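Here are the chains, one letter per residue:
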Amino acid sequence: MSIALGCIADDFTGASDLAAILARSGHKVGLRIGVPAADDVSEPAPFEVIALKCRTEPVDDAVAVTKKAANWLMARGADQFYWKYCSTFDSTPDGNIGPVAEALMARLGTNQTIYCPAFPENGRSIYMGNLFVGDVPLDESPMRDHPLTPMRDANLMRLLAPQVQGKVGHIAWPDIAQGAAHIAGQLRGLAYNGIQHIVPDAISQADLAAISEAVQDFKLITGGSALALDLPRLLAAKGSVAATDAEIIAPETAAGNIVLSGSCSAMTRAQVADYSAHAASLRLDPLALADGPDALAQARQWLASQDPDAPKIIYATAEPDDVALAQEKLGRDKAGQVVEDALAALAGDAFDLGIRRFVVAGGETSGAVTQALATDRLGVGREIAPGVPWCFANRAGETFAITLKSGNFGTEDFFTRALKMLD
């Protein structure tokens, strides 16, 4: 079996988000953690998603690893690609969204793509080129103070232009509303004028369906996960994959559970508060973790003293002022790294203590925890919330469940609802 659509995601939560959206079609979806080995002989799925941890890496490193992922997918038959990033366009003035897209365009020999992070189910929409989170522009949302990628502009063309060499253009909503054929004509006109990077407006899933149909033959599509919802249907209509209505069946797992949260988003702060009201909780302080091994040792002792089956949460989630203080004292990278390292170590301890159900919040945290659990492939289960599925893997001969939640996704009771789903 060859790959019908090869997908590359810039973090682990985004990868599981995209895998969940594709899995709604009933098709098998492969979720790979990191670039698989060149000699990997496992049978590829029609839809393969490679989860990378490159959102905030140096640009050259991000480009190199995504090209390596593309080469692996191409070697297994993929000739159409999806570059997936966050629905809030998390990036810096240098990248990594634009540089990676241009590198993939060059690798695939194509001269035009689109950028569409809209996810209407989760309140992300694009109007007149501006990205909205709920009813406020991106730069007025809590993303303004994101600790790693503060988003201080809502205009996607202005955000993208410094990241790419080619020209940036826009398709406004009145044109989107006229449907796929009209959108395709707009894209051809922009291509004729040498405009390579196109931001289409999208305020509903119907808009995304029309955009997907218009770009279904593009060698490279880029966006959030919601844009991919209709691609399996379109590929099946062309005969690239067989039609299916298979049901997702989750494997059994032991009952031990834990929530690990490193995200400091507004929604995750609310989720931590909600769960901590009825669960044993431990907060990690990055300053204490950086000061020496005692803080982590105490956290490990606390975890070992807990009932594996009882609700519990370990978190570094904090208010923006506390995050800023830690970054001021430690530097941005170290403040994040000490938390990731601690949560990764605690995830390994949790598994050794019999815990087999992991709820993880935050993109960087999800990457660290997944790698700590030494898994390189996840099976995709049912969604807990739009774009957040339960996933399943094997370690030391035992099945465990893990969900990787992007910081702003889910409702306040997400942690409770997630664990109840497995019961």
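What you see is a predicted model, and the numbers here were worked out from it, not measured in a lab. (Residues numbered from 1 in each chain as written. Predicted model: local features only at pLDDT ≥ 70, side-chain atom pairs only at ≥ 80, totals over all residues. Heavy atoms only, no water.)

Student: Requested: an account of the pairing of strand S5 (residues 113-116), with residues and values cited.
Tutor: Burial of S5 is two-sided: the residues Thr113 and Tyr115 facing one way and the residues Ile114 and Cys116 facing the other way are all buried. For S5 and strand S11 (residues 220-223), the ladder comprises two bridges, and the chain directions are parallel. When the sheet's bridge partners are listed, Tyr115 is paired in S11 with Thr222. (Buried < 20%, exposed > 50% of the residue type's maximum accessible area, 1.4 Å probe, protein only. Helix = DSSP H or I, 4+ residues; strand = E, 2+ residues; numbered from the N terminus. Pairing = 2+ DSSP bridges.)

Student: So what's going on with the nonpolar core? Residues and values would help.
Tutor: The biggest cluster of nonpolar side chains holds 134 residues, and the ones touching the most others in it are Trp83, Phe358 and Ile402. Looking at which element gives the most residues to this core, the answer is helix H13 (residues 332-352), with eight residues. Among residues more than four places away in sequence, those in contact with Ile402 are Phe358, Val360, Val369, Thr370, Leu373, Leu378, Pro389, Trp390 and Cys391. (Core = buried A, V, L, I, M, F, W, Y, C linked by side-chain atoms within 4.5 Å. Contact = heavy atoms within 4.5 Å.)

Student: Could you give me a rundown of the sheet that holds strand S8 (residues 136-137), with the residues and numbers involved?
Tutor: Taken in spatial order, the three strands of this open sheet run S6-S7-S8, and their pairing is antiparallel. Only two strands of the sheet have a single neighbouring strand rather than two, namely strand S6 (124-127) and S8. Pairing between strand S7 (residues 130-133) and S8: two bridges, direction antiparallel. Along S8, the bridge assignment pairs Phe132 with Pro137.

Student: Just give me the short version of the layout of surface pockets, but keep the residues and values in it.
Tutor: Reported here for the largest pocket is a volume of approximately 930 Å³. Along the walls of the largest pocket sit 47 residues, with Pro147, Gly262, Ser263, Cys264 and Val323 positioned nearest its centre. For the lining of the largest pocket, the secondary-structure elements that each account for two or more residues are helix H9 (266-276), helix H10 (286-291), helix H12 (320-330), H13 and helix H14 (363-372). Among the elements that line the lining of the largest pocket, the one with the most residues is H12, at seven residues. Of the residues belonging to the lining of the largest pocket, the class tally is 19 nonpolar, 15 polar and 13 charged. (1 Å grid on protein atoms, 1.4 Å probe; cavity = no way out; pocket = protein on both sides within 12 Å on 5 of 7 lines; lining within 4 Å. Points joined across faces, edges and corners; volume = space filled by probe spheres on them. Nonpolar A, V, L, I, M, F, W, Y, C, P; charged D, E, K, R; others polar.)

Student: I'd love a proper account of the environment of Leu138, names of residues and values included.
Tutor: Positionally, Leu138 belongs in the loop between S8 and helix H4 (156-160). The class of Leu138 is buried, set by a relative accessible area of 0%. Along the backbone, Leu138 and Asp285 are 147 residues apart, and their C-alpha atoms lie at a distance of 29 Å. Among all residues touching Leu138, those that are not within four sequence positions of it are Thr88, Leu131, Phe132, Val133, Met143, Arg144, Met151, Asp153, Ala154 and Leu159.

Student: A description of the pattern of salt bridges should follow, citing residues and the corresponding values.
Tutor: Applying the stated rule across the entire model yields 20 salt bridges. With a closest N to O distance of 3.3 Å, Glu319 and Arg269 form a salt bridge. Remark: Arg269 occurs in helix H9 and Glu319 occurs in the loop between strand S14 (312-315) and H12; sequence separation between them is 50 residues. Relative accessible area serves as the criterion here: at 22%, Arg269 is assigned to the partly exposed category. (Salt bridge = Lys/Arg side-chain N within 4 Å of Asp/Glu carboxyl O.)

Student: Tell me what's going on with unusual backbone geometry, and back it up with residues and numbers.
Tutor: In this model, Gly95 is joined to Asn96 through a cis peptide bond whose omega is 15°. As for its position among the elements, Asn96 is in the loop between strand S4 (81-84) and helix H3 (97-108). Phi angles above zero are rare outside glycine, and Phe89 is one such case at about 55°. Its location among the elements puts Phe89 in the loop between S4 and H3. On the basis of relative accessible area, Phe89 is assigned to the buried category, the value being 0%. Positive phi is not limited to glycine here, since Ala396 has a value of about 50°. Along the polypeptide, Ala396 turns up in the loop between strand S17 (388-395) and strand S18 (398-405).

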